[in-house]
Amino acid sequence: MTFLRIRKLALVAAGIPILSSCVIPDDTSSIAKVDATTAAARKEMVGLSEADVRMCAGFPTATADVGSSGQIWTYQRTVQRGNLSIAVPTMAVGAIPAVGGSVNVAPGGYCNTQIRMVGGQVAEVAYAGDNNLPNSIDALCVSTVDACVAYARQHRHGAPVVSR
């Protein structure tokens, strides 16, 4: 290798740590905000009946009887999105240490929305899974509860029910 090529490789290798500092950390709790729709669902869905939840969210994927604590209905959603994956080969040049790695942008994820039913009504809504986006906590759960938030708002405001 010529001196000029080694110098170019050294410059490229020196820039890789700078690019890797742009990687989104695993724990985004200090910068991410809770999604507005999933936060609203925690409050606005409380009190909806079992029939109401079936109308707005469909039938649950799984249910569990938890004795005196009621039932927990689980809605499982897997989100597949387009990925951008950048892989930088590991290289070492002379005294420069080995650098390399990969970056994934917008990977898919999944959300388990759990709805606790007590006495035939929603008592609690919670979320679990790999359901965060870089700037929004619980964002992959929106598709499960967005219709229920709208349904709860209409139902509580006395909107007329159209029968067919």
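Everything here concerns the structure above.
Asks: I keep staring at the pairing of strand β2 (residues 62-65) and nothing clicks. Help me out?
Replies: Regular strands have side chains that alternate between both faces of the sheet. Of the strand pairs in this sheet, β2 and strand β3 (residues 71-79) are connected by four bridges, and their pairing is antiparallel. Residue pairing for β3: Thr 63 is matched across the bridge by Trp 73. Between β2 and β3, which pair antiparallel and follow one another directly, the connecting turn spans five residues, one of which, Gly 67, has a positive phi of 65 degrees.

Asks: What should I look at first to understand the packing of helix α2 (residues 36-44) against helix α4 (residues 142-156) in this one?
Replies: At a closest axis distance of 9 Å, the pairing of α2 and α4 adopts a crossing angle of 50 degrees. With respect to α4, the axis of α2 lies oblique. The interaxial crossing formed by α2 with α4 has left-handed handedness. Of the residues in α4, those in contact with Thr 37, Thr 38, Ala 40, Ala 41 and Glu 44 of α2 are Val 142, Val 145, Asp 146, Val 149, Ala 152, Arg 153 and Arg 156.

Asks: Explain the packing of helix α3 (residues 50-57) against α4 here, please?
Replies: For any two helices packed against each other, the geometry comes down to the angle between their axes and how far apart the axes lie. It is the contact of α3 with α4, at a shortest axis distance of 8 Å, that shows an interaxial angle of 125 degrees. Looking at the two axes, α3 sits oblique to α4. Remark: the crossing between α3 and α4 carries right-handed chirality. Residues Asp 52, Val 53, Met 55, Cys 56 and Ala 57 of α3 pack against Thr 144, Ala 147, Cys 148, Tyr 151 and His 155 of α4. Considered class by class, the residues forming the contact of α3 with α4 number seven nonpolar, two polar and one charged.

Scoring rules and cut-offs
- Residues numbered from 1 in each chain as written.
- Predicted model: local features only at pLDDT ≥ 70, side-chain atom pairs only at ≥ 80, totals over all residues.
- Heavy atoms only, no water.
- Pairing = 2+ DSSP bridges.
- Helix = DSSP H or I, 4+ residues; strand = E, 2+ residues; numbered from the N terminus.
- Axes fitted to C-alpha atoms, helices over the stretch in contact; angles between N-to-C directions.
- Parallel < 35°, antiparallel > 145°, perpendicular 65-115°, else oblique.
- Left-handed = near helix turned anticlockwise from the far one by under 90°.
- Contact = heavy atoms within 4.5 Å.
- Nonpolar A, V, L, I, M, F, W, Y, C, P; charged D, E, K, R; others polar.

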